Amino acid sequence: MSNKILEIDNLTVSFDGFKALNNLTFSMNEGELRVIIGPNGAGKTTFLDVITGKVQPTQGKVRFKGKKLSGRAEHNIAKLGIGRKFQTPRIYLNLTTRENLELCCNQTKSVLATLLKPTPQAELRTVGGLIETIGLEHKADKPAALLSHGEKQWLEIGMLVAQSPDLLLVDEPVAGLTDEETERTGELLIALAESHSVIVIEHDMEFVRQIARQVTVLHEGSVLCEGTMDEVQNDPRVIEVYLGTETSITSDQMLLLRIAATMAWADGNFEPAEQEIILDRLSRQFAQESAEQAVLKTELKDLLAKRIPLEELVPQLKTPNQREQALMLSYEIISVNQINQREALTYQTLLKLLDLPADTVSRLENATLEQLSNAH
Ligand code: ADP
Ligand code: MG
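Structure report, in brief. (Residues numbered from 1 in each chain as written. Chains lettered and ligands numbered in written order. Predicted model: local features only at pLDDT ≥ 70, side-chain atom pairs only at ≥ 80, totals over all residues. Heavy atoms only, no water.)

1. Observations regarding the pairing of strand β7 (residues 167-171)
Then, number 1: Counted residue by residue, β7 has 5 buried out of 5 residues, so it is predominantly covered.
Then, number 2: On β7, burial covers both faces: Leu167, Leu169 and Asp171 on one face and Leu168 and Val170 on the other are all buried.
Then, number 3: Bridge count between strand β6 (residues 82-85) and β7: 4 bridges; the pairing is parallel. Pairing of glycine 83 across the sheet is with leucine 168, part of β7.
Then, number 4: Two elements, β7 and strand β8 (residues 197-201), share 5 bridges in a ladder whose sense is parallel. Among the inter-strand pairings, aspartate 171 is bridged to a residue of β8, identified as isoleucine 201.
Then, number 5: Running through helix α8 (residues 179-192), the crossover from β7 to the neighbouring parallel element β8 is right-handed. (Buried < 20%, exposed > 50% of the residue type's maximum accessible area, 1.4 Å probe, protein only. Helix = DSSP H or I, 4+ residues; strand = E, 2+ residues; numbered from the N terminus. Pairing = 2+ DSSP bridges. Right-handed = clockwise from strand over helix to strand, strands pointing away.)

Structure (structure tokens):
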């Protein structure tokens, strides 16, 4: 049996009768990195507030390492080993990176405790080890005020780790970060997950994709679904709550569209007018009436704004027929304009992943070209 670090049963939190959390059940194994997503107002922050003791549940139980948390004060829960990183860094700007970390290490580790209980992570938790972990060696002796927004986030994560929590709660760590900082934050969290249990609350889907093993989707205070990023992202219920409307297509069709969209976005540089053409073609593929097409088009724009690697999408196609459809749709998209080098490369990747017989490929390509010329 794996050890549960967190077990939550039928948790309800009411604010004046409004249930921010509604009969929520959740559990997580020790050592797990879990991402929680959900639209605004889903209850994500309240969920963290209950775990840390900031908010008391109206009903239900939270157990941390088998201990009931209800009724305990915030500082008490922190002492049990739950650390929380808030959205805005809480660091001392006039102290250096090193001094900020030293402050946290000293607070919680008496010399005696360190001598008596050497842990495997002892190295990580020394100030030097922490500075290395968060990648701020070159800024160790600079005042924190001079750090970039991303570096401040890493420093605060380091300060949290310095307190040796068993469970780290991280609320939207990449809001406002550059792409590069976002990627490094992901790497840092993955590294920390080797020695901690981590819950990350996040909006940024691309980031979630980078770090997520297991994703929990919250909606209206309850767990809507759980699974890998791919399972969750293609789940029609998730698509529906994120868009606020029911999508008119199935998850299989959605998968095809994602592949086609990834092709369309291959050169990362589509003019709005070109995007319009693509979305138009995609929506016509799956909706007959123009009103339906219009709805689908706006849905797709939101949903497909991010590219997802073909390597993740194509293996999800279940039948040869679906693979053929993916090929035709993708070929149509790149044939609309002159095929540039990026597109050609992406298309080659697609072909390799689809693994269709060569004569099938050329037959489908020709059929697509014919359709295109007939349409003009
Ligand atoms: P999320 O973090 O997923 O956006 P929250 O947990 O912040 O969602 O909020 C969930 C719902 O509970 C929202 O509708 C919010 O308005 C409401 N809520 C949160 N905190 C309070 C509070 N202290 N009093 C009243 N309503 C609250
Ligand atoms: Mg929130």
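2. A closer look at the side chain of glutamate 156
Then, number 1: Of note, glutamate 156 is situated in helix α7 (residues 149-162).
Then, number 2: Discounting residues that sit within four places of it in the chain, glutamate 156 has contacts with Lys85, Phe86, Thr88, Pro89, Arg90 and Ile91. (Contact = heavy atoms within 4.5 Å.)

3. Structural notes on the sheet that holds strand β4 (residues 59-64)
Across a sheet, paired strands are connected by hydrogen bonds in the backbone, their directions being either parallel or antiparallel.
Then, number 1: Reading across the sheet, the 4 strands line up as β2-β1-β4-β5 and stay open at both edges, with antiparallel pairing between neighbours. In this open sheet, the two strands that pair with only one neighbour each are β2 (18-29) and β5 (67-68).
Then, number 2: Relative to β4, strand β1 (residues 4-15) runs antiparallel, the two sharing 5 bridges. Its bridge partner being in β4, isoleucine 8 is matched across the sheet by valine 62.
Then, number 3: With respect to the sheet, helix α1 (residues 44-52) is in contact with β1, β2 and β4, its orientation differing from that of β1 by roughly 115°. (Axes fitted to C-alpha atoms, helices over the stretch in contact; angles between N-to-C directions.)

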